[in-house]
Structures are given as C-alpha cells and as structure tokens.
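Single-letter residue listing:
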Amino acid sequence: MKVPIQVTVNGKTHAHEVEPRVLLVHYLRDVLNLTGTHIGCETSLCGACTVMLDGQAVKSCTVLAAQANGAHITTIEGFAVNGRLHPVQEGFWERHGLQCGYCTPGMIVASAQLLERNPDPTEAEIRMAIEGNLCRCTGYQHIVEAVQYAARRMKGAAAAD
Amino acid sequence: MATKYVGNRVKRTEDPRLIQGLGHYVDDIKLPDTLHVAFVRSIYGHARITGVDASAAAKAPGVVAVYTGKDIGKIGGVPCASDLPEMKKPEFLVLASNKALFVGHAIAAVVATDRYLAKDAADMIQVDYEELPAVTEEVKAAAGAPYVHEQFGTNIAYKLTAGEGDIAAAFRSSDKVIKQRILNQRLAPIAMEPRGVLARYYPGEQELTLWSSTQIPHLMRTQVALMLGMPENRLRVITPEVGGGFGSKLNVYAEEALLGWISMQLGQPVKWIESRRENFQSTIHGRAQLGDLEIGIRKDGTVTGLRYNVFADMGAYYQLLTPAIPTLTGLMLSGSYKIPAIQINVTAVFTNKMSTDAYRGAGRPEATYVVERAMDLVAAELGMDPVEVRRKNFPAPNEFPFKTATGLFYDSGDYVLALEKALKNADYKKLGEEQKKARAAGRLVGIGVSTYVEICALGPSAALPAGGWESATVRIEPTGTVTVLTGASPHGQGQETSFAQIAGDELGVSIEAVTVIHGDTSIVQYGIGTFGSRATAVGGTAVFVALQRLKEKASKLAAHLMGVDPATVKFADGRFTSGAKSMAIQEVALHAHLAKSLPEGMEPGLSATYFFEPKNFTFPFGTHICIAEVDKDTGEITLQRYIAVDDCGRVINPLLVDGQVQGGIVQALGQAFYEHVVYDENGQLLTGTLMDYALPRATNCPWMELDRTETPSPVNPLGVKGVGEAGTIGATPCLVNAVIDALAPLGVRHLDMPLKPETLWRIISGNSARSA
C-alpha cells in the first residue's frame, strides 16, 4: 500500500504517493528527477547521497521517503541561488576539490553543514566533519582547502553585511 | 610562443556542472519505458549449479523476463586481450550455467519494470548448489587439486620468466643475498560510482546504444560487438560522466554485453546499476601477488642482481588484461637503479575469487614496492642510510636513455635532483636527529624513503595488446568556436580542461571557446582510452599535433586570402600576420567553410585528425619521504609529515597534477595501512562492504607537502610524462618503510601490508611470532 507524502525540496513542494520501502534517495532521483544526489553504497557508509533534511545533513540512502514526509530538503541542485554558487561550491571549484565529481554533492552538503555550525573550523575539524564522506580521487587535501576557502569567503561576506 | 594556459593552475571547465549536481552519470540518464535488471549471483566460492528454478520469479509483479545461463548461448565469452605462451584460457560466459567459480559469479538476470521489483524477483530465484572445495591460497593452488577449472588438471594459468643478465653469476659474485617473502595484498579499486549500463536497441535502425561507465568506450564497442556477433558500426557506446575508474573500468564486463543482448531481445531500454556489494564481488580486484625476493649486494651497498619468484593470483577467470599485469611487474623490477641482472619468475594461478586486473599502477606498484622494500632491507643489513643505498645505485643523468636489465629504455631522468630536493624539503638531516631523540625517549618514530620510477604513457602499440596510440580531431567551426575530439575519454582526470589549455594556447583562443568532446563512439574517431597515465602524454600529444596541422592549413589559407607569400605569414595570439596585413584565425575558419576562395587543391573546412603513436613509454620518477610514529600502546600509526617530489615531465596544469599526486598517495595509504580484500578458505568474501573494507577517510590522511622537478620527456613534443599513478606507485613503499623503520629498534625488518594497528601492537607487546 502506498503512503502519501508531501516534501519541500529546494523550495518547491511536492506531493506523491510512495511505497513505504522507497528510499529517500530513490524518491529524489527517480521521482523528482534530482539526480545530483548520488548513490555510492546504499549502506550509509560513503556519504555520496548526503542531503540537508530540516537543516541536518543526512544520508538519504538510509532515510525512507515516507520518513521525510513534511520535511524541507535541500539537495545539491538547491545550493546555488539565482545562478550564484554557494561559497562551498565556489571553494571546490577554486581549489580543485573534485576529480570524478561523484562524491562531490555529498561532500559539499556535509561541508556546508560544518560551516553553518562552525564558521572557522581547523583542518582537523574539517577532516572530522567529512569523515563520513568517502572520496577515492582527491586524497581529501584539496577538499580541506576548498572548505577553508569557503570559510574565508563566508566570513568576508558576513563582514560585508 | 607565450603560453597563457599551459603550465598554469587553470580551474577546471568540467566543474560547474559537477559542483551543482548537473552532470550525467549512467544512472542519471533516463529513457522512457526503461526496464531494470537485477542479478542472481553465486553465494559460494566454488559450487556445482544443479538447478535454477525461476518459475516464481517469472510470475512476480513487474517481471518481464528472466534469463539463465541456458538462454544466452550465442553471447561470446568475456574477452581477454592478452595472450602468453602456453597460457590456459578458460571461457568466461556472461552467465554461469554449470559451475559457479567465485562469490558474485552471475547466474541469472531478472528484468522488471522497476528496480525494486527486479530485486524482489531475483530473491525468488532458487539456485541449487552443490558446494565444492574452494581454491583460495596461491601457493596451495599451484601445488595441485582441487582445481578451479577441472579441464586443465592444474591451477597454474601460465608460467613466465623474464629479465636479462646472468642472475646466478650475479648472486655468486655478491657478498650477500638477502631474501624476503613479500605480499602485495588483494585490493578493491572502489570507484565511488559503481559500474552501470543502460542499453537501448532500435530494431528499425538495428542500432544498439550502450551507455556504460567505462574508461575505454571504443575498445568496449569492438569487444561487445564481437561478443554479440553484431556489426561494430551498429553499436554505439557512450560514456557519460564516469565516477572514477582506477583501472576497474578499463575492462569489458559480462553485464555490458548481456544488457545489450537483453535490450535486443525485448526491444526496450534496460538498465543495470551495480550495487556496492556487487562491486566488491564482481568488479575486478588488483595486486594479489605473493613473491620471494632475492637481492644480491656487495658490502658497499651496490646491488648486483635481483630475482623475484612470484605467485600471481588471477582469480577464477581472466578479464581484459588479467594475465598481463605480472608482466608489468617484471618490467619495473629495476626501479630507479642500475641492476645488472634481473629475473622474474611468475607462476600465475587460478583461484576461486574475482579476477584481478589493472588497478591504479597495474603491476608497477607491486614492483616498486618490492624494489623499495629491498633497498631498505639492504640498508638494514649493511647499517647504511637508506638514502645512501639508493644514491649508490642510481644511474647518472648522462646515462639516459638508460637501459635496464628488464629490457626497458628509461627516456630521461635526474634521480639525484628529485632526491636532493626532497631531502632539503624534509630537512632530512634534522629528521634523523629528531628521530634519535625520540627513540632515546622510547618513542617509535620512523623515516620512510622511496625513490621510485614508473612507466607511463602506455604506450607503444608493439607493447600493448590493443594498440597504444591515441587519436584527436580538432576543428574550428564556422562561427569560430574550437572543437577537440579525443579518444582518451576521461573519468575525473580533467582532460576537458587540460586539452582545452593546449588548444587555447596553440590557437590563441580563450579556453571558453574550446569544447572537448569524448566518450561517444559515434561522434569521436576511434581511440584507446584513459589508463596507464597515458591521456596527456599520448592523447594530449595527438591533440597538439592535430593543432599544428590545422594551423598549417589555416596559415596557407590566410596567405591566400590576404594575397601574400605563405612563407611570410606568422601566427601569434590567434592572428595570422604578414607585414601590415592580418587576419584572425576565426575569420580564416569561416572562409574555409564558405569555400568561395580557396587555394587550388585545398579541401574546404578546417579540421585535422591525428593518430599519435609514441616511440617509447615515458618514465616519471621522484622521491617521497614521510615520518611515521607508532603508538606503543595501541599500534596506531600517525603520519607526522609527508613530503613528495615528483617529476612527471612538463606540466600542463599544476593544479590537476597536484590533485593526481595527492589522490595517488592516499590510495597508496589505503594499501599500506588499511585495505585488504579477504576471502576465507571456502572462497567466501569477508570484505564485501565498505564497513569491512577500510578505505582511507579524511581523518586518516596526512597533509601532503608536494614539490616537483621538471625533466621533459623526449618521447613526445609536449615533453609530458604522465602522473595518474605516480603517487600510488611512489608512496606505498615510502609509508611501509617509515613504519618498519619505526619498529626497527624491535628488530623488525619487514611486515606485510596492510599494517594494521593490531599487527603492530602484537609486535610491540611481544605478543606475536612476526616475520623478520
């Protein structure tokens, strides 16, 4: 039996009936066609599917779509606003924080969550914050630099406000 | 000519789509009415399949078809491109019907309207197994029964001896022959994007299109066309965004042909996306070599000869290059040293495991690990500084091209230069003093050194099974934009940027005006692919030469249009100039297409294609140094510093080179400290998830201090050597050498990877019979 859900994703509200077992990541990718959220393990070990759910970075492969009923979700597609990149996205571009790009959306979401909670993280804090996100290409160093870049940008923006 | 782009840290042009989640990997491509495929795979390492009952599955909701090994008779076996004398050749069918030879061996395919329903139905298929004794251990496998392939009456796939020089005489003339058994453990490549295939067949056009996450679209097209018995020009392979490869997608897999075949049967698109568990079970593994090293030395540290008797674990079947990997190990056994006599004796064995094949480095990390461990064993034996042992055996810069006893000619190198730079960056002398103090205080601190050389730009066609050249087409469109078509389809390396840099500089145009197209066999001329650190050195050179040809033609046309002597025309910053007359290259391109005024005999259009055949491999090199401390209470390793000086020839984009080196070093870190594919004695895969198979995470990685020397390669006009695998090749022994040096006061001379805290703790606490 299908269950009705209503979710707001990247500011847009959707109502669908889903099988109770459908994973949030499959709902986002297959029903809403938001394919920027990737699947790397289906066991919440790699972090490729990380999205923001009610302000928390979660691994959408271990959340049921039904559990997300009523939630506000931001996926990678919702990070740039009016064509302006999020500072973390900018950091990843500036500092070559990605190669194949598959882990990148999840990395960006996890990094953005860190900077919301801790605008001035140390290198160790950055590494800790992305520990649940695997990257096989970069060796993480450029990702650390990308987050540091974003932190500086966000502080600069805050100072300018 | 001044370069605006080449040599500079240019941000990648592929990134805007990727950082916004707008790229398209295979599973992101949606076709109407797509059916989904799920596989039933063997749960046993070795079993006779006595029955497959698919009746319940066939009636399950959403199920369109079920296929077993009996249904796919006409599909050819999984191809292997390498052939060695007297090699046993098992046929690897796309679905097993009589026997399952490894955990994950595909037995049945279920097609359903939805991916959940496909998996539901796959679970309903009853496979009756009669479990057989499994072959899992290399040495035992070589010794005799049970056999993976009964028909051969042996598990030995082939034996191979290679090398030059009189090894017996070399050992006789040495003061000492050091012996050590060394394991290069089995690893899983684990690209973050698992494999995936989408197949669509148009019966009217008789055209099959396969979207596949592969490193080799054209080679795959050829092989799958052969497997399916269809004309190659009716098969189109498209590799969209590829989420990492590391060699695991340098292959042709059963699923690629099978998905194509199923879509032809059903006349509907079909998709299969590999789960991570399937990825562990049935995507190629790497390494898996267990060998006995013997190295002859004189008292002063001079190496007289090296022999390596190695068991290479093929797995149950060959994939594309499985038997070729130990050959690469043999080629690289000279390392960066003058060793007069070298011999490798390979015993390749079948086991009830997934096939091994090319994983980042592909045979070369194995060799480098052996050689660099050997250098430290020599140093320990003689009480010499490991750096001095290495320096003593380097060829001098004036000895290049340097011929090794493995039959290679190293193109260029200045090994001392890279070594000195690394020693300086590390402040090696001070490190030694600090280590003494730390040891005096009872701490376990070690310094690791590795001075590696590797073999890149694979390679001359004579040395590769399927051609070693690469292709490029460049054209200037009527409106002045530049299109580059490359056969070296990337999967994260950034060729869209680096090749645009080359084109931007050569044509004097902005890189925004350049589009690099790859990975579609119906658009791009035949190419070989991206692997073996070849894309820039071979593929980039093809682009470069094609650009020269295009400019030659444009120059002649410009002279004609300006009414001047062609010999007087100069090209700079995108303009052809002769005296006071001048024309932009875009203007010339428009005239080339309008074709209203062309010199006699000139073809219309402005396009050039070049297939570049390299004369030799290239040989990047470098020195890595690291400092590791082992916690006496827990056996945990802390990397205090990691210093790398790499020489990959001329650098097109330092930002991308840094990224390649860093990623490579961390994959080495994975092998050195964490990763190991483990099968039990029944052939059961014990490390089948990311929980059991430990990949390096951000918190495990050191800050890497990178530097470079730049010795251009004479092999190609760009002077490029290649860098995709350098980090992995150079770093593995460096990391292990540091930890073993840390434990040297306890009498440790060698330990096998991965260096798990438990192993180290047992040694520190005197709780283990260690190998010495």
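Each chain carries its own residue numbering, running from 1 in the direction its sequence is written. Throughout, the order in which chains and ligands are written sets their labels, letters from A for the former and numbers from 1 for the latter. Confidence filtering applies because this is a predicted model: local features only for residues at pLDDT of at least 70, side-chain atom pairs given and counted only at 80 or more, and all residues used for totals across whole chains, interfaces and linings. Side-chain figures throughout are based on the complete set of non-hydrogen atoms in the structure, without hydrogens or water.

For the purposes of this entry, the term helix denotes a DSSP run of H or I that reaches at least four residues, the term strand denotes a run of E that reaches at least two, and both are numbered from the N terminus. Tallying secondary structure elements over chain B gives 19 helices and 28 strands in all. The globule rule used here is 2.2 Å times the number of residues to the 0.38 power, and the radius of gyration it is set against is calculated over C-alpha atoms. Here chain B has a C-alpha radius of gyration of 27 Å; the compact-globule value for 772 residues is 28 Å, and the two agree. Reported as C-alpha extents along the three principal axes, the dimensions of chain B are approximately 85 × 70 × 45 Å. Across the 772 residues of chain B, 65% fall into the buried class. By the convention used here, residues are in contact when the closest approach between their heavy atoms is within 4.5 Å. In chain B, the proportion of contacts linking residues at least 24 apart, taken out of those at least 6 apart, comes to 80%. In the structure as shown, chain B presents an accessible area of about 26200 Å², 51% of it carried by carbon and sulfur atoms. Burial here depends on accessible area, computed with a 1.4 Å probe over protein chains only, as a share of the maximum for the residue type. Under 20% is buried, over 50% is exposed, and the range in between is partly exposed. Surface accessibility follows the Shrake-Rupley procedure with a 1.4 Å probe radius. Residue values consider only the protein chains on display as shielding.

Residues and elements named next belong to chain A. Taken domain by domain, chain A comprises domain 1 (3–78) and domain 2 (87–160). Here the limits of each domain have been adopted from an automatic or database domain assignment. Inter-centroid distance (C-alpha atoms) of domain 1 to domain 2 is 22 Å. Taken together, the contact pairs 16 residues of domain 1 with 14 residues of domain 2. Think of a salt bridge as a Lys or Arg side-chain nitrogen and an Asp or Glu carboxyl oxygen that are within 4 Å of each other. Counting the contacts that link domain 1 with domain 2 gives 0 salt bridges.

A separate point is the state of the cysteines. Every disulfide links exactly two cysteines, by a covalent bond between their sulfur atoms. Residues and elements named next belong to chain A. Disulfides are defined as cysteine sulfur pairs within 2.5 Å. In this structure the tally under the stated criterion is 0 disulfides over all chains. Cysteine C41 remains unbridged, with the sulfur of C46 as its closest cysteine sulfur at 3.8 Å. Of the residues examined, C41 reaches a relative accessible area of 6% and is grouped as buried.

Next up on the list: the packing of aromatic side chains. Residues and elements named next belong to chain B. For Phe, Tyr and Trp, where Trp contributes only its six-membered ring, two rings pair if their centres lie within 6.5 Å, and the inter-plane angle classes them as stacked under 30 degrees, edge-to-face over 60, or tilted in between. The final tally for this structure, using the stated rule, is 22 aromatic pairs over all chains. Between F102 and Y317, the aromatic rings sit 6.4 Å apart at their centres with planes inclined by 75 degrees, giving edge-to-face as the arrangement. Of the two residues, F102 sits in the loop between β4 (99–100) and β5 (106–112) while Y317 sits in the loop between β14 (303–315) and α9 (325–331), which places them 215 residues apart along the sequence. Look at F102 and you get buried, because its relative accessible area is 3%. Ring pairing ties together the aromatic residues Y337, F394, F400, F402, Y410, Y415, F617, F619 and F621, which thus form one cluster. The side chain of R195 reaches across the aromatic face of Y253, ending 3.6 Å from its centre. We call a charge positioned over a ring when the NZ of a Lys or the CZ of an Arg lies within 6 Å of the ring centre and within 35 degrees of the ring normal.

So, on to the domain arrangement of chain B. Residues and elements named next belong to chain B. Segmentation of chain B into domains returns domain 1 (31–132 + 192–244 + 249–282), domain 2 (286–459 + 616–764) and domain 3 (469–612). Listed per partner, the contact involves 30 residues of domain 1 and 23 residues of domain 2. Contact between domain 1 and domain 2 buries roughly 2500 Å² in total, counting both sides, with carbon and sulfur atoms accounting for 66%. Linking domain 1 with domain 2 are 0 salt bridges. Definition of a polar contact: a pair of N or O atoms within 3.5 Å, with one able to donate and the other able to accept a hydrogen when the atoms are protein atoms, and with sequence-neighbouring residues admitted only if both atoms are side-chain atoms. Inspection of the domain 1/domain 2 interface yields 7 residue pairs in polar contact (both at pLDDT 80 or more). Counting residues per element, the side of domain 1 that touches domain 2 draws most heavily on helix α8 (residues 276–282), which supplies 5 residues. Residue classes in the side of domain 1 that touches domain 2 are distributed as 17 nonpolar, 7 polar and 6 charged. Put simply, buried area is how much 1.4 Å-probe accessible surface two parts lose in total, over both of them, once they are put together. For this classification, the nonpolar set comprises Ala, Val, Leu, Ile, Met, Phe, Trp, Tyr, Cys and Pro, the charged set comprises Asp, Glu, Lys and Arg, and every other residue, Gly included, is treated as polar.

Once that is clear, we can look at unusual backbone geometry. Across residues other than glycine, the phi torsion is negative in most instances, and most of the peptide bonds are trans. That bond from A145 of chain B to P146 of chain B is cis: its omega, 0 degrees, falls within 30 degrees of zero. If you trace the backbone, P146 of chain B turns up in the loop between α4 (138–143) and β7 (156–162). Between M753 of chain B and P754 of chain B the backbone carries a cis peptide bond, its omega angle lying at -10 degrees. Within the fold, P754 of chain B resides in the loop between α18 (726–742) and α19 (757–764). Phi at N82 of chain A is positive, roughly 50 degrees, even though this residue is not glycine. Take N82 of chain A: it is sitting in the loop between β5 (72–74) and α2 (87–94). Not every positive phi belongs to a glycine, and D33 of chain B is a case in point at roughly 65 degrees. Tracing the chain through its elements places D33 of chain B in the loop between α1 (15–19) and β1 (35–41). Of the residues examined, D33 of chain B reaches a relative accessible area of 58% and is grouped as exposed.

Right, let's get into the sheet that holds β4 of chain B. Residue and element names in this part refer to chain B. With antiparallel pairing, 3 strands are arranged side by side in an open sheet as β4-β2-β6. The two strands at the open ends of the sheet, each matched to only one other strand, are β4 and β6 (126–131). A pair of strands is considered paired only if DSSP assigns at least 2 bridges between the two. Bridge count for strand β2 (residues 47–53) against β6 is 6 bridges, and the pairing is antiparallel. Each bridged residue has a counterpart across the sheet, and for A47 the counterpart in β6 is E131.

Before going further, it helps to examine the environment of A341 of chain B. Residue and element names in this part refer to chain B. You can see A341 is positioned in strand β15 (residues 341–350). By relative accessible area, which is 3% here, A341 ends up buried. Put simply, A341 and T404 are 63 residues apart on the chain and 8.9 Å apart in space, counted from C-alpha to C-alpha. When sequence neighbours within four positions are dropped, the list of residues in contact with A341 reads E164, G165, D166, I167, A170, T304, G305, L306 and A405.

Our focus in this paragraph is the interface of chain A and chain B. On the chain B side, the residues contacting the 51 residues of chain A number 54 residues. Roughly 4700 Å² of surface becomes buried between chain A and chain B when both sides are summed, with 55% attributable to carbon and sulfur atoms. The largest share of the area that chain A buries against chain B comes from W93, R136 and Q141 of chain A, three residues that together contribute 20% of it. The tally of links between chain A and chain B comes to 7 salt bridges. Between R136 of chain A and E675 of chain B there is a salt bridge; the shortest N-O distance is 2.7 Å. At the junction of chain A with chain B, the criterion picks out 31 residue pairs in polar contact (both at pLDDT 80 or more). Sorting the residues of the side of chain A that touches chain B by element identifies α1 (24–31), α2, α3 (104–117), α4 (123–129) and α5 (141–160) of chain A as the ones contributing at least two each. In terms of residue class, the side of chain A that touches chain B is built from 23 nonpolar, 17 polar and 11 charged.

Before going further, it helps to spend a moment on the packing of helix α17 (residues 654–674) of chain B against α18 of chain B. All names here are of chain B. In this analysis, axes come from line fits to C-alpha atoms, helices being fitted only over the stretch in contact, and the angle between any two N-to-C directions falls in the range 0 to 180 degrees. In the contact formed by α17 and α18, the axes pass within 7 Å of each other and the chain directions differ by 45 degrees. Between α17 and α18, the crossing angle belongs to the class labelled oblique. Here α17 and α18 pass one another in a crossing that is right-handed. Facing V661, G664, I665, Q667, A668, L669, Q671, A672 and F673 of α17, the residues of α18 in contact are G727, T728, A731, T732, L735, V736 and V739. For this classification, under 35 degrees means roughly parallel, over 145 means roughly antiparallel, 65 to 115 means roughly perpendicular, and everything else is oblique. For any pair of crossing helices, the crossing counts as left-handed if the nearer helix is rotated counterclockwise from the farther one by less than a right angle, and right-handed if it is rotated clockwise.

Time to look at the environment of G260 of chain B. All names here are of chain B. Along the chain, the position of G260 falls in helix α7 (residues 254–266). A sequence separation of 470 residues divides G260 from G730, and the C-alpha atoms of the two residues are 40 Å apart. Dropping the residues within four chain positions of it, G260 is found in contact with A199, L208, L210 and L228.

Residue and element names in this part refer to chain B. If you walk across this open sheet you meet the 3 strands as β22-β23-β24, and the pairing is antiparallel. With one partner strand each, in any of the chains shown, β22 (570–572) and β24 (581–584) form the two edges of the open sheet. The mean angle between the axes of side-by-side strands here comes to 25 degrees, regardless of whether they run parallel or antiparallel. Contacts between helix α15 (residues 535–562) and the sheet are confined to β22, β23 (575–578) and β24, with β23 contributing the most and set at about 50 degrees to the helix. Together, β22, β23 and β24 form the strand contacts of helix α16 (residues 585–594), whose direction differs from that of β24 by roughly 75 degrees.

What follows concerns the side chain of T618 of chain B. All names here are of chain B. Tracing the sequence through the fold places T618 in the loop between β25 (607–612) and β26 (621–630). Classification of T618 by relative accessible area gives buried; the value is 0%. Not counting residues within four places of it along the chain, the set of residues in contact with T618 comprises D411, E454, I455, C456, A457, S713, V715, N716, V720 and K721.

In this section: α3 of chain A. Residues and elements named next belong to chain A. Residue count minus one, scaled by 1.5 Å, sets the expected span of a helix. Helix length check: α3 (14 residues) gives 20 Å between terminal C-alpha atoms against 20 Å at 1.5 Å per residue, within 8%. The element α3 is largely enclosed, with a buried count of 12 among its 14 residues. Taken residue by residue, α3 has T104, P105, G106, M107, I108, V109, A110, S111, A112, Q113, L114 and L115 as its buried positions.

Our next topic: the nonpolar core. To qualify as a nonpolar core, a set must consist of buried Ala, Val, Leu, Ile, Met, Phe, Trp, Tyr and Cys residues joined through side-chain atoms within 4.5 Å. One finds F92 of chain A together with Y158, L258, I625 and L735 of chain B to be the most contacted residues of the largest nonpolar core, which totals 219 residues. Tallying contributions element by element places α18 of chain B first for this core, with 10 residues. Residues in contact with L258 of chain B, not counting those within four places in the same chain, are F39, I72, I75, V94, L95 and A109 of chain B. Listed in part, the 49 residues of the second largest apolar core include I511, L557, F576 and L606 of chain B.

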